[in-house]
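Architecture and fold: a report
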Amino acid sequence: MSFSANVKTELCKANVSRRCCAVAECYGVLLTCNRFAPSGIRIVTEHADFAERLPRLFRRAFDVSFDSGAEPTTSGKYIFEISDPQKIAIIYDAFGLDAYGNVMLHLNRSVVENECCQVAFLRGAFLCGGSVTDPEKRYHLELTTTHTKIAAELYSFLLDMDFSPKETSRAGESVLYFKHSDQIEDFLTTIGAPVCAMGVMEAKVEKTLRNNMNRRCNCDDANTTKTVNAAYEQRLAIRKLKENGVFETLSPKLQEIAILREEEPEAPLSELAKRLGLTKSAAQHRLKKILEVAQ
Ligand SMILES: [Zn+2]
């Protein structure tokens, strides 16, 4: 199951209890669904738990049932529809809208006044019009709606709740989205998915650990390369001194470390120093001397 689906499963565990919250949750669903118009309502989802929740939600909120949608289509989609004008009028009325008037759809804040209802409203909006990317891949959570005006009103609603989404549009849909893991965690916690919010947090910690480890490995690699290169240069110098017959003229101290270097072609400086009972800087000094003479 995708991370998004996991979030929706967690959200669907919330009870359908208070009527005010049921109305608010339906509002979130309807403002982000495929079709919410006086001529008909159409909600499409692939999520089984959400499909199971929807009819209960609408019954609790409006005492209204769907005309279709209980069974999934062959492609696994649940398509909930209401076309009965009387049912639609009841729903519009609950939001203070007139299905027969020429009122443009907008976010009626009085429906989502209570704090409990605000959470329910956002839960509905996410269940129907939301998605979130697996935090192991990247951080992205979005809410989409086909109504530009609703997107703008939802935007200021989120601002009032201390969220600061970004806005864009895609294929005729308005998109509000979050790119920061902190905001995604907060949003998921707020709407009732604290376990998934924790998942985002864990993914972030893991990512940071992995990055630090990579950085350290790269650093180790760089050090190893440096050691190997330095040792190679030293061996070249020693060979040159031997070929030119200069080696024998070196002081015993220099000869000693040169011989050890040839025996241990890739050992780090610290290792050579230890074997000769020298400090690292003393060993370095002698090797540097050998390079100088060779030059
Ligand atoms: Zn409520």
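Notes on the structure in this doc start here.

What counts as what
Residues numbered from 1 in each chain as written. Predicted model: local features only at pLDDT ≥ 70, side-chain atom pairs only at ≥ 80, totals over all residues. Buried ≥ 20, exposed ≤ 12 C-beta atoms within 10 Å, placed from the backbone. Helix = DSSP H or I, 4+ residues; strand = E, 2+ residues; numbered from the N terminus. Pairing = 2+ DSSP bridges. Axes fitted to C-alpha atoms, helices over the stretch in contact; angles between N-to-C directions. Parallel < 35°, antiparallel > 145°, perpendicular 65-115°, else oblique. Left-handed = near helix turned anticlockwise from the far one by under 90°. Contact = placed C-beta atoms within 7 Å. Nonpolar A, V, L, I, M, F, W, Y, C, P; charged D, E, K, R; others polar.

1. Side note on the pairing of strand 2 (residues 40–45)
Taken residue by residue, a regular strand's side chains alternate between the two faces of the sheet. Residues Ile41, Ile43 and Thr45 line the buried face of strand 2, whereas the alternating positions Gly40, Arg42 and Val44 sit on a face that is not buried. Joining the antiparallel neighbours strand 1 (residues 35–37) and strand 2 is a turn of two residues. Bridging between strand 2 and strand 3 (residues 78–82) involves five bridges; their strand directions are antiparallel. Counterpart to Ile41 in the pairing with strand 3 is Ile82.

2. Topic: the packing of helix 9 (residues 252–263) against helix 10 (residues 269–276)
Each pair of packed helices can be summarised by the angle the axes make with each other and by the distance between the axes. Taken N-terminus to C-terminus, the directions of helix 9 and helix 10 make an angle of 125°; their axes are 11 Å apart at the nearest point. Looking at the two axes, helix 9 sits oblique to helix 10. Handedness of the helix 9/helix 10 crossing: right-handed. Facing Glu256, Ile257, Leu260 and Arg261 of helix 9, the residues of helix 10 in contact are Leu272, Arg275 and Leu276. Here the contact of helix 9 with helix 10 is composed, by residue class, of four nonpolar, no polar and three charged.

That is the geometry; function is a separate question.
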